[in-house]
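# Summary of the model geometry
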Amino acid sequence: MVDAPALPGRRARVQEARAPRHRAERGEPSFAGAFQALGELAYGGAQVSASVIDLDSDARVLSIDDRIVLPTASVGKILLLIEVSARLSAQAAPELEVLDKTSRDAVGDSGLWRHLQARSLPLADVATLVGATSDNLATNVLLREVGLDAVRARTEDLGLLRTALLDLVRDTRGPDDAPQLSVGSTSELAWLFAALARGQVVDSLTSSRVLGWLSLNTDLSMVASAFGVDPLSHRGVDHGLQLVNKTGTDAGVRSEVGILRGPRRGISYAVSVQFSDRSIASRLRVLDALRSVGFDLLEYVH
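So, how was this worked out
Residues numbered from 1 in each chain as written. Predicted model: local features only at pLDDT ≥ 70, side-chain atom pairs only at ≥ 80, totals over all residues. Heavy atoms only, no water. Helix = DSSP H or I, 4+ residues; strand = E, 2+ residues; numbered from the N terminus. Buried < 20%, exposed > 50% of the residue type's maximum accessible area, 1.4 Å probe, protein only. Contact = heavy atoms within 4.5 Å. Areas by Shrake-Rupley, 256 points an atom, 1.4 Å probe, with all protein chains shown as cover. Salt bridge = Lys/Arg side-chain N within 4 Å of Asp/Glu carboxyl O. UniProt positions renumbered as here; feature names shortened; annotations may be inferred. Pairing = 2+ DSSP bridges. 1 Å grid on protein atoms, 1.4 Å probe; cavity = no way out; pocket = protein on both sides within 12 Å on 5 of 7 lines; lining within 4 Å. Points joined across faces, edges and corners; volume = space filled by probe spheres on them.

## Quick look at the overall build of the protein
- Summing up its helical and strand segments, the protein has nine helices and ten strands in all.
- Seen through its C-alpha atoms, the protein measures out along the principal axes to roughly 95 × 45 × 35 Å.
- Here the protein, with 302 residues, has 50% of them falling under the buried criterion.
- Considering only residue pairs separated by 6 or more positions, the protein has 64% of its internal contacts joining residues 24 or more positions apart.
- For the protein, the exposed surface amounts to about 14900 Å²; the carbon and sulfur share of it is 50%.

Set out below in structure tokens:
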């Protein structure tokens with residue numbers, strides 16, 4: 001028999017919300033938002049691909065059609081920067097070697113150099129323009145200096161089979177030109193950034209130099225829009241976050257690859273979407289989806 005006076009106290013304890021003894025303080029992120037957001041784009045006719053690698057465990061924690069090859073626009077410029085950095089590491093080219101811009105290199109869209117009066121810049125500064133503003137003119141000058149064949153050979157040496165820089169930057173693409181500036185699989189791109197983070201692309205000096213150029217990137221309009229960092233100044237740690245990324249934008253193409261480190265974990269990620277850019281609403285749906293992916297990445301590392 002239970003003593004009557006003890007019952008009220010026991011009922012009170014039963015009614016209290018109690019967490020299971022072995023439950024973690026916070027649940028593991030599920031990436032449910034990323035799956036739903038990208039899935040809705042796919043149901044709407046877009047091609048989507050995503051890959052995320054945990055830098056501590058090397059586990060692939062998110063994989064959505066990550067082996068398909070999609071256009072990646074300016075993301076392929078990473079391969080050019082790797083080749084340039086490797087030449088600097090091997091002392092095959094001096095950082096202060098002066099490169100000239102010519103009418104042959106002229107192209108519109110992204111970048112600053114075409115708006116500047118300076119006709120010549122040191123090689124390292126030209127690479128900095130590519131990292132910071134995805135400068136198209138600077139890209140073509142570097143490609144003229146090192147050669148597209150050398151970039152392709154370096155890409156093959158890295159073991160990349162589905163990722164390539166196909167051409168120089170052009171205002172218009174004719175029937176004899178490559179249909180895209182670059183293509184890639186998010187599986188390979190996420191691996192490439194993980195290797196850069198570990199100093200394994202050619203060597204640690206080459207890797208760190210490339211990350212230094214990319215750490216100046218000012219385009220945080222896609223996945224990185226969820227991270228809340230300053231687009232013009234995020235080389236340091238901000239609220240425990242450190243970001244290095246590269247984006248690619250073209251008609252019907254949005255692609256981003258990067259490294260995000262937080263208080264809990266570090267990741268490398270790659271997300272690409274190819275869609276019908278028939279209206280501003282279509283474009284904004286893609287950007288909203290990419291931002292949703294970013295929120296899940298932030299939850300994972302923070």
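## Digging into the side chain of Asn136
- On the secondary structure map, Asn136 appears in helix H5 (residues 136-146).
- The residues contacting Asn136, other than those within four sequence positions of it, are Ser74, Lys77, Val107, Gly108, Asp109, Ser110, Gly111 and Val169.

## Brief notes about the pattern of salt bridges
- Per the counting criterion, the structure on display carries twelve salt bridges.
- For Asp54, the salt bridge goes to Arg265, with nearest N and O atoms at 3.8 Å. Pair noted here: Asp54 is in strand S1 (residues 47-54) and Arg265 is in the loop between strand S9 (253-261) and strand S10 (266-274), with a separation of 211 residues, a long-range link.
- Note on Asp54: relative accessible area 5%, which makes it buried.
- On the basis of relative accessible area, Arg265 is assigned to the buried category, the value being 15%.
- The shortest N-O distance in the salt bridge between Asp167 and Arg173 comes to 2.7 Å.
- Asp167 gets classed as buried once you look at its relative accessible area, which sits at 8%.
- Each of Asp167, Arg170, Arg173 and Asp177 takes part in one network of salt bridges that share partners.

## Remarks on the UniProt feature "domain: Beta-lactamase class A catalytic" (unreviewed entry) in the protein
- Under the UniProt annotation, "domain: Beta-lactamase class A catalytic" (unreviewed entry) lies at residues 51-273.
- Counting secondary structure, residues 51-273 comes out at 30% helix and 22% strand; the distance between its end C-alpha atoms is 12 Å.

## Let's talk about the pairing of strand S8 (residues 242-250)
- Sheet analysis places S8 next to S9, joined by nine bridges and oriented antiparallel. What sits directly across from Leu243, in S9, is Leu260.
- The loop that links S8 with its antiparallel partner S9 comprises two residues; one of these, Gly252, has a positive phi angle of about 75 degrees.

## A closer look at empty space enclosed by the protein
- Under the defined criterion, the tally for this structure stands at one cavity of 30 Å³ or more.
- By volume, the largest cavity is sized at about 40 Å³.
- For the largest cavity, the full set of lining residues is Val84, Arg87, Leu88, Ala93, Leu123 and Val146.
- Considering every element that reaches the lining of the largest cavity, the biggest residue donor is helix H3 (residues 77-89), with three residues.

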